[in-house]
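Below are the chains, spelled out letter by letter.
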Amino acid sequence: MFTKYRKIAGVLSGLMMTPLAWSSELQDVKFAELPGDRVEIRLVFDEAPSSPQGYTIEQPARIVLDFADVENALAQKKFNMDMGSVSSAVVVAGGNRTRLIVNMNTLEPYATRVEGTDLVMEVGGSAKALAAVEPQSTVATAASPVLAKPKNRFDKSVSEIQNIDFRRGDAGEGKVIVQLSNPGVSIDVEEVAGGIEVGFLQTDLPDALRRKLDVTDFATPVQMIDATTGSLRTVLKIDANGEYDYLAYQADNEYVVSIKPLTKAEIEEKRAKFAYTGEKLSLNFQNIEVRSVLQLIADFTDLNLVASDTVKGSITLRLDNVPWDQALELVLKTKGLDKRQVGNVLMVAPAAEIAERERQELATQKQLEELAPLRTEYIRVRYANARELFELFIPEGGLGGQSGSGGNQRNSTGTILSDRGHAIVDERTNSIILTDTEEKINDFRRVIEQIDVPIRQVMIEARIVIANNNFRKELGSRINFASQSRFKNGQIGYSGKMDELFNNSNGEAGTVYSLGDNDPDDYGETITDVDSRAVDLGVIESFGNFTMGVVSGDVLLGLEISALEESGFAEIVSQPKVITGDKQQASIESGTEIAYQEASASGATTVAFKEAVLKLDVTPQITPDDNIIMDLKINQDNVGELTNAGIPTIDVTELNTQVLVADGQTVVLGGIFQNNVVTGQSKVPLLGDIPVLGRLFRKDTKSEDKKELIIFVTPRIMSSTLTNN
């Protein structure tokens with residue numbers, strides 16, 4: 001029995017571990033614009049789809065449909081439409097379902113129907129119009145929650161708020177979660193002064209939920225939640241502070257309002273889109289004095305107000321929950337006024353009057369400059385080059401005479417100095433001598449203080465690694481043959497050693513001696529012009545030899561088998577290093593110049609040189625976030641072989657690139673890998689092809705040469721402790 005239960009459990013476990021298979025597939029999305037500002041979205045499946053589950057979001061306006069057990073086979077996710085109120089549609093898949101998200105400018109009602117293997121979704125128009133165009137073949141229909149209504153809107157037991165909850169999200173956002181008894185409740189969300197107001201139409205609020213929730217301790221933008229009810233609707237007031245954004249959406253019976261704090265980047269982006277950042281206020285007046293409105297705004301902002309006598313007239317306005325600076329600008333533009341704020345004092349006058357006043361101030365300031373006394377000051381330039389600053393701030397506007405140590409005097413036409421000012425540069429003391437009004441000299445001095453700063457230094461270290469790995473293997477044999485011959489009346493024999501027989505390469509047979517008689521005249525005589533090598537396929541400079549010989553009668557036969565196997569590894573590391581300033585080029589090189597002779601145009605012989613050097617050429621640029629952009633050129637040259645004309649060749653390795661590297665980080669700029677494999681065979685024709693025995697008439701060679709080049713670069717920003725003192 002236990003075994004039976006164990007088998008059943010194993011089967012169930014296997015079924016649970018098996019992933020669910022997709023039952024259908026979404027193959028295409030088509031869309032078209034219909035009369036009455038309606039949009040048709042047609043989803044094409046491979047089989048009839050089931051009814052989707054959907055919900056809507058008011059802010060931002062979206063319609064979401066979920067298709068269970070449907071696989072997304074579309075090549076793209078987003079479809080731009082711009083038809084009616086629909087801006088785009090997005091199709092995503094995950095969790096054994098496919099979701100259609102329809103992005104809209106304003107939320108509109110929608111309806112869906114199935115036509116064969118297609119699901120048709122119509123957005124816009126009225127529910128009655130959608131029902132009229134629905135064909136008889138409709139299998140299933142889903143209406144948006146904004147169209148659905150309770151069975152009896154006046155029956156409070158049908159539509160009511162069941163619970164109000166608050167939670168803090170992972171990103172620090174505050175979530176107000178409202179449980180509804182009916183998902184078809186009409187909901188109105190708007191941003192008011194100090195927070196967000198959510199209205200639930202024809203919805204009851206139980207007495208237990210009519211309360212205020214203090215959620216300050218959750219550290220979210222939400223401070224207070226106040227739930228109240230009236231004769232027509234239930235209102236949920238959410239008090240929030242700081243810079244925030246909110247999102248309201250509904251899923252079945254749950255309505256969620258999420259309020260998240262904005263980051264600095266989001267705040268800057270929001271201000272770029274909407275430049276008004278003042279505290280919000282509401283104004284509702286009819287035929288009120290403009291001066292009174294300005295006074296109200298000044299009291300609201302705690303600013304001091306100075307209004308010109310020409311500010312007159314009345315205005316009617318109704319502004320609800322708008323920033324005070326926007327309200328002020330609207331009032332000023334409506335009445336042709338302008339403002340200037342100095343500290344906490346706000347001055348208001350007609351725009352033409354302010355423009356005329358500023359023009360007069362500029363004219364007065366110019367007259368004062370023309371009458372102001374001139375001064376002469378010496379400005380010592382510490383780190384920069386005075387000549388370069390002189391050319392930068394005092395361009396050609398009239399060349400004067402020489403002054404100081406090679407200095408040029410120029411007037412201030414087109415410079416930051418006044419028309420009466422002039423400057424002289426003294427290159428010997430690296431100073432600039434200015435003659436101008438005190439105000440212009442102070443302006444020039446402030447500019448110099450911002451520019452005359454030490455340049456940050458960068459140390460660039462390069463490592464060039466060249467690794468060589470070679471292998472060679474040879475196997476060969478030599479066969480020598482010699483025979484005895486008659487000399488005079490005796491027999492002549494070979495008296496040399498066996499290794500002399502193999503090493504004899506000049507045709508000499510060696511010393512002979514007499515075998516048939518004892519004639520002393522026969523001793524010491526040699527046989528010449530005899531080559532004893534029958535097969536010579538031996539290994540040159542071998543490290544192992546096996547030699548054997550046979551002497552029988554008048555025949556001498558020798559055999560030598562030689563073998564060689566060698567391997568080597570070498571690593572060459574070059575490490576050039578250089579220090580330079582920001583945006584300043586630096587170069588370092590080391591190597592040799594190779595001399596060779598060449599013919600000149602006159603026919604004479606001259607000596608020329610070729611360089612084979614290791615060179616590092618770099619220009620660094622330090623970015624504001626302490627990264628380094630480098631323009632690099634690295635050369636690693638070696639002397640190659642000589643040509644037939646005696647001119648040396650250069651083996652060039654060069655890298656030229658631009659790279660962005662963090663401070664102190666090592667980057668691999670490039671590498672070259674070479675692998676040369678050579679296999680050879682030398683043999684005696686026919687004899688070398690004989691199985692087994694052919695090994696004696698054949699020589700096999702195999703060599704492999706690997707070479708790898710890798711270039712590393714490490715930049716480091718030098719400490720600026722010395723330059724800051």
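Just so it is clear, the structure is predicted and the values come from calculations on it, not from any experiment.

S.K.: Go over helix 5 (residues 324-334) with me, naming the residues and quoting the values.
M.R.: Inspection of helix 5 places Trp-324, Asp-325, Gln-326, Ala-327, Leu-328, Val-331 and Leu-332 among the buried residues, and these make up the whole buried set. If you follow the buried residues of helix 5, they end up packed against strand 21 (280-289), helix 4 (290-301), strand 23 (314-323), strand 24 (337-342) and strand 25 (345-350). Phi for Gly-336, located one or two positions after helix 5, is positive at around 70°.

S.K.: So what's going on with the packing of helix 4 against helix 5? Which residues, and what values?
M.R.: For the pair helix 4 and helix 5, interaxial distance at closest approach is 11 Å and the crossing angle is 165°. Relative to helix 5, helix 4 is oriented roughly antiparallel. Classified by chirality, the crossing of helix 5 by helix 4 is left-handed. Residues Val-290, Val-293, Leu-294, Ile-297, Phe-300 and Thr-301 of helix 4 pack against Trp-324, Ala-327, Leu-328, Val-331 and Leu-332 of helix 5. Across the contact of helix 4 with helix 5, the residue classes tally to 10 nonpolar, 1 polar and no charged.

S.K.: Mind laying out the pattern of salt bridges, listing which residues take part and the relevant values?
M.R.: Throughout the structure, instances matching the rule amount to 33 salt bridges. Linking Glu-115 and Arg-113 is a salt bridge whose minimum nitrogen-to-oxygen distance equals 2.8 Å. A relative accessible area of 23% places Glu-115 in the partly exposed class. For Arg-113, a relative accessible area of 9% corresponds to the buried category. Taken together, the shared-partner salt bridges connect Arg-38, Glu-40, Arg-42, Arg-113, Glu-115, Asp-118 and Glu-122 into one network.

S.K.: Report on the packing of aromatic side chains, specifying residues and quantitative values.
M.R.: By the definition in use, this model includes 3 aromatic pairs. Where Phe-45 meets Phe-67, the ring centres are 5.5 Å apart and the plane angle is 50°; that geometry is what we call tilted. Highlighted residues: Phe-45 in strand 2 (residues 38-45) and Phe-67 in strand 4 (residues 62-68), separated in sequence by 22 residues. A single burial state applies to Phe-45 and to Phe-67, both of which are buried. On the numbers, 5.1 Å between centres and 75° between planes, the contact of Phe-166 with Phe-218 is edge-to-face. On the criterion of sequence distance, the pair formed by Phe-166 in strand 12 (residues 161-168) and Phe-218 in the loop between strand 16 (212-214) and strand 17 (222-229) is long-range, its members being 52 residues apart. Using a relative accessible area of 9% as the deciding quantity, one classes Phe-166 as buried. Given the relative accessible area of 37%, Phe-218 is considered partly exposed. Over the face of the ring belonging to Phe-712 we find Arg-463, whose NZ or CZ atom lies 5.5 Å from the ring centre.

S.K.: Please give an account of the sheet that holds strand 44 (residues 654-662) that cites residues and values.
M.R.: Sheet architecture is open: 4 strands sit in the order 39-40-41-44, paired in antiparallel fashion. Strands with a single pairing partner mark the edges of an open sheet, and in this sheet they are strand 39 (586-599) and strand 44. With strand direction ignored, the average angle separating the axes of adjacent strands in the sheet is 15°. Relative to strand 40 (residues 605-622), strand 39 is paired through 14 bridges, and the arrangement is antiparallel. If you follow Gln-597 over to strand 40, its bridge partner there is Val-607.

Cut-offs used in this document
- Residues numbered from 1 in each chain as written.
- Predicted model: local features only at pLDDT ≥ 70, side-chain atom pairs only at ≥ 80, totals over all residues.
- Heavy atoms only, no water.
- Buried < 20%, exposed > 50% of the residue type's maximum accessible area, 1.4 Å probe, protein only.
- Helix = DSSP H or I, 4+ residues; strand = E, 2+ residues; numbered from the N terminus.
- Contact = heavy atoms within 4.5 Å.
- Axes fitted to C-alpha atoms, helices over the stretch in contact; angles between N-to-C directions.
- Parallel < 35°, antiparallel > 145°, perpendicular 65-115°, else oblique.
- Left-handed = near helix turned anticlockwise from the far one by under 90°.
- Nonpolar A, V, L, I, M, F, W, Y, C, P; charged D, E, K, R; others polar.
- Salt bridge = Lys/Arg side-chain N within 4 Å of Asp/Glu carboxyl O.
- Phe/Tyr/Trp six-rings, centres within 6.5 Å; stacked < 30°, edge-to-face > 60°.
- Lys NZ or Arg CZ within 6 Å of the ring centre and 35° of its normal.
- Pairing = 2+ DSSP bridges.

Nothing here speaks to function; it is geometry throughout.
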